[in-house]
Amino acid sequence: MGRYASRNDEQELALQQEYMKKAVSYVADLKQQLGRQPLCCVTTFGCQMNARDSEKLLGILTQIGYGATDEESEADFVIYNTCTVRDNANQRVYGRLGFLNSIKRSRPHLKIALCGCMMQEQTVIDKIRKSYRFVDLIFGTHNLFKFAQLLVTMFENQEMIVDIWQETDQIVEELPVSRKYSYKSGINIMFGCNNFCSYCIVPYVRGRERSRDPKEILQEIERLVADGVVEVMLLGQNVNSYGKNLDNPITFAQLLREVEQIEGLKRIRFMTSHPKDLSDELIDVMKQSKKICRHLHLPVQAGSDRILQAMNRRYTKEQYLALVDKIKTAMPDIALTTDIIVGFPGETPADVEETIDVVRKVQYDNAFTFIYSRRTGTPAAAMEDQVPETVVREGFDKLLKVVQDTAKERAALLQGKVMEALVEEVNEQDASLMTGRLSNNMLVHFPASESLIGRLVQVSLDTCHGFYYTGHVVE
Ligand code: SAH
Ligand code: SF4
Ligand code: F3S
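What counts and what doesn't
Residues numbered from 1 in each chain as written. Chains lettered and ligands numbered in written order. Predicted model: local features only at pLDDT ≥ 70, side-chain atom pairs only at ≥ 80, totals over all residues. Heavy atoms only, no water. Salt bridge = Lys/Arg side-chain N within 4 Å of Asp/Glu carboxyl O. Helix = DSSP H or I, 4+ residues; strand = E, 2+ residues; numbered from the N terminus. Buried < 20%, exposed > 50% of the residue type's maximum accessible area, 1.4 Å probe, protein only. Phe/Tyr/Trp six-rings, centres within 6.5 Å; stacked < 30°, edge-to-face > 60°. Lys NZ or Arg CZ within 6 Å of the ring centre and 35° of its normal. Pairing = 2+ DSSP bridges. Axes fitted to C-alpha atoms, helices over the stretch in contact; angles between N-to-C directions. Contact = heavy atoms within 4.5 Å. Expected span 1.5 Å × (residues − 1). Near = heavy atom within 4 Å. Polar contact = N/O pair within 3.5 Å; in protein donor to acceptor, adjacent residues only side chain to side chain. Areas by Shrake-Rupley, 256 points an atom, 1.4 Å probe, with all protein chains shown as cover. Nonpolar A, V, L, I, M, F, W, Y, C, P; charged D, E, K, R; others polar. Core = buried A, V, L, I, M, F, W, Y, C linked by side-chain atoms within 4.5 Å. pLDDT = per-residue confidence, 0-100.

### Considerations on the pattern of salt bridges
Summed over all chains, the structure comprises 32 salt bridges. R212 serves as the salt-bridge partner of E173, at 2.4 Å between the closest nitrogen and oxygen. Here E173, found in the loop between β6 (161-163) and β7 (184-188), pairs with R212, found in the loop between β9 (210-211) and α7 (214-226); they are 39 residues apart in sequence, far enough to count as distant. Owing to a relative accessible area of 5%, E173 belongs among the buried residues under this scheme. Its relative accessible area of 4% is what places R212 among the buried residues. Note that R212 is salt-bridged to E220, the shortest N-O span being 2.7 Å. Since its relative accessible area comes to 13%, E220 is described here as buried. A network of salt bridges, in which partner residues are shared, links R52, E55, E173, R212 and E220.

As C-alpha cells, then:
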C-alpha cells in the first residue's frame, strides 16, 4: 500500500516551471530568427486519455510561446502522441513520419517529437533510431510531466533525445493545459491498468494502476467549471476500480457523489467501466443522479465463455447479461455502448455467434468492433490457433451488420421526443446547423445560433438518419 498512492509532487512542479521559463527564451530566439511566431502542431492518436495528454502538451507549448496549428506543413514543431493498442495505429505513425521527413528536408529547422504509448515499446525505439533518424525527441507515457525539461534539452542538443521510463509513481498536478473545447473537458482520475486482459498492451505501456487523490480531482473540476466547463468526462482504463489503492480508499461511486455536488457543473460522463467491477452502489448513484449522463460504455469484448476466459476478462456471458439487466431495470432510458474484438486466437464461427447473440440481447446503442491485433509481449500473442484473416473478416462483417441494425433500431425509438442537448459546435457539413449531444451520447443537428455553444437546450428529435437526428430547438 502507498507505493502507488497519489502525491502531488510540488518540488517537481517548481522544477518544471523553471524549465518553462528557460524554454520561453529559446522560443523567443526562434521567433526572432523566423521573423514570426513559431507554430506547433500536436497530433493525437488513440483514446481519450491520449487526447487529454495532448492538451497538456499543447498547454506547455503555448505557455512557452508557440502558436498552435493543425497543419503539419506550416508547423515549426510537430509532436505525435501515439497509440499502440492495435497495429494499424502504429502503421499510421510510421506512414506519417515518412511524410514529415519530406517536410523537414525543405524546412530544416522543423523539430519532430514522438511520445505516447507506442514509445514504451523497445522494438519501436530501436526501429526509430535505425530508420527515422530525423526525429529530435522521444519520450513515453510516464514522464510527460517533464515535457518542458525535455524541450529545453532538445533545444540545447543536436542529436536525438530519448527518455523512456518503465514505470512511475509520480503524479505532478497543475501544469498548464490547453483545452480543445471551452465547455467540456476530460479529467484523469487514474492512470495505468492492472487487469492484463490477455490481448491488451495497455498495462505494459501505461504501467500499474494509480488513482489520483479525490481532493485534487474535485479541485481541478471546480477550476474547470469556474473557467466555463459544464461537462466533464472522468477518465481511466477501469474507472470502477478507482480509489482502491489510495491511502484513504474511496469507491468510484463515492467520488461521483462528490463530483455531483459541484455547483455549476451540468453533466458528468466517465470511461471506461470494466464489467467485472461495476458495483450496485454505482448503479444506485447513477440512478439518483441529476448530472450523470444516461450512457454507459461497457466493453464486452466477446460473447463466448471460453474466449472470455482466454481473454482474462473475469466474467461470463451470463454474468454480463445479468449485469446489463440490472442496469436497464434501474435506468430504462440508459444507452449502452461496447467494444468487441473479433478473431481472438482460437475463436470459431460458433464463438462469434455467441457475441452476436449478446448484441441482439443487449441492444447496444453503439458498438466499436475491432479485428484482433497481435501485440508483442501479451499472452495472446503467444497463443496457438491465431485465426486466419479471411475467417476473421467473415465473422467481423456478420457482426458489424447486426451491430448496425440494432443501433439503428435503438436510435429510431427516440423519434419525436424532446430531449436536452449540449450545443457543441457548428455542423461540419452545413454551417447553418449546430451539433448538439444528448445525454445518451447521440448527436442531433438543428438550426441555431453559434452563440449557444456550451449551452444546454431542449431539442425536438424530428428526423432519424440512422445513427443521428435532425431537429429543432424547442423554446
Ligand atoms: N480499458 C478499456 C479499453 C481500452 S482499449 C476497457 O477495458 O474497456 C480500447 C479497446 O481496444 C478495448 O476495449 C478492446 O476492444 C480494443 N483492443 C484492445 N487490445 C486489442 C487488440 N490487441 N486487438 C484488437 N482490439 C483491441
Ligand atoms: Fe486493456 Fe483490459 Fe486494461 Fe482495458 S481493462 S486497458 S482492455 S488490460
Ligand atoms: Fe492507445 Fe495508449 Fe489509449 S495504447 S488506446 S493511446 S492508453
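### Some words on the packing of aromatic side chains
For the structure shown, the criterion picks out 14 aromatic pairs. Their ring planes at 20 degrees and their centres at 5.4 Å tell us that Y26 and F155 sit as a pair that is stacked. Of this pair, Y26 sits in helix α1 (residues 10-34) while F155 is found in helix α5 (residues 147-156), placing the two residues 129 residues apart along the sequence. Classification of Y26 by relative accessible area gives partly exposed; the value is 24%. For F155, a relative accessible area of 17% gives the class buried. Centroid distance F45 to Y80: 5.6 Å. Interplanar angle 75 degrees. Geometry classified as edge-to-face. With F45 in the loop between β1 (39-44) and α2 (48-63) and Y80 in strand β3 (residues 77-82), the pair connects residues that are 35 residues apart, well separated along the chain. Pair check on accessibility: F45 and Y80 agree, each one buried. Put simply, the rings of Y66, F77, F139 and F147 touch in pairs and so form one group of aromatic residues. One cation-aromatic arrangement involves R86 over F370; the distance from NZ or CZ to the ring centre is 3.7 Å. Over the aromatic face of Y181 sits the side chain of K184, whose NZ or CZ is 4.8 Å from the ring centroid.

### Comments concerning the sheet that holds strand β11 (residues 267-271)
The parallel open sheet is built from 3 strands, whose spatial order is β7-β10-β11. The open sheet has two edge strands, β7 and β11, and neither has a second partner. Adjacent strand axes in the sheet meet at a mean angle of 25 degrees, parallel and antiparallel pairs treated alike. When strand β10 (residues 231-235) meets β11, the two strands line up parallel, connected through 5 bridges. Bridging across to β11, M233 finds its partner in R269. α2 rests against β7, β10 and β11 of the sheet, and its axis sits at about 100 degrees to β7. Helix-sheet contacts for α7 involve β7 and β10, and the interaxial angle to β7 is about 165 degrees.

### Description of the sheet that holds strand β5 (residues 137-139)
With respect to topology, 6 strands assemble into an open sheet ordered β2-β1-β3-β4-β5-β6, the strand pairing being parallel. Of all strands in the sheet, those bounded by a partner on one side alone are β2 (67-68) and β6. Relative to β1, α2 is tilted by about 170 degrees, and along the sheet it contacts β1, β2, β3, β4 (111-116) and β5. Packing against the sheet, α5 makes contact with β3, β4, β5 and β6, and its axis sits at approximately 155 degrees to β5.

### Here we look at helix α13 (residues 389-412)
With 24 residues, α13 extends 34 Å from end C-alpha to end C-alpha; this agrees with the ideal 34 Å at 1.5 Å per step. Residues V392, G395, F396, L399, V402, V403, T406, A407, R410 and A411 constitute the buried set of α13. Packing partners of the buried residues in α13 comprise β13 (335-342), α12 (349-362), β14 (366-371), β18 (456-464) and β19 (469-473).

### Topic: the site of ligand 1
Taken together, the neighbourhood of ligand 1 is formed by 15 residues, with R86, Q237, Q301, D339 and S373 sitting nearest. Separating an oxygen atom of ligand 1 from a side-chain N or O atom of D339 is a distance of 2.6 Å. Here a nitrogen atom of ligand 1 and a backbone polar atom of S373 are 2.8 Å apart. Surface burial for ligand 1 is 90%, taken as the share of its 540 Å² of free accessible area covered by protein chains. The class makeup of the residues in the shell around ligand 1 is 7 nonpolar, 4 polar and 4 charged.

### Description of unusual backbone geometry
Geometrically, the link from M271 to T272 is a cis peptide bond, its omega value of 0 degrees lying close to zero. Among the structural elements, T272 can be located in the loop between β11 and α9 (280-288). Of note in this structure, Q301 is not a glycine but carries a positive phi near 70 degrees. On the basis of relative accessible area, Q301 is assigned to the buried category, the value being 7%. Located in the positive-phi region is R314, a residue other than glycine, with phi close to 65 degrees. Note that R314 resides in the loop between α10 (305-310) and α11 (317-330).

### Description of the site of ligand 3
In the vicinity of ligand 3, the contacting residues are G46, C47, N50, C83, T84, V85, C117, R206 and Q237. Of the residues in the shell around ligand 3, the class split is 4 nonpolar, 4 polar and 1 charged.

### Quick notes on the nonpolar core
If you look at the biggest cluster of nonpolar residues, it comprises 71 residues, and the most contacted ones within it are I221, L234, F252, F270 and I327. Per-element tally for this core: the top contributor is α11, with 6 residues. In contact with I221, not counting residues within four places along its chain, are I187, V232, L234, V259, I262 and L265.

### Focus: the confidence of the model for the chain
For the chain, per-residue confidence averages 96 on the pLDDT scale, and residues scoring 70 or more make up 98% of the total. Within the model, the stretch residues 1-6 combines pLDDT values under 50 with 21 contacts to residues more than four positions away or in other chains.

### Observations concerning the environment of I161
Considering the arrangement of structural elements, one finds I161 in strand β6. Using a relative accessible area of 13% as the deciding quantity, one classes I161 as buried. For I161 and L150, which are 11 residues apart along the polypeptide, the C-alpha to C-alpha distance reads 8.1 Å. Beyond its immediate stretch of four places on either side in the chain, I161 contacts D136, L137, I138, T153 and M154.

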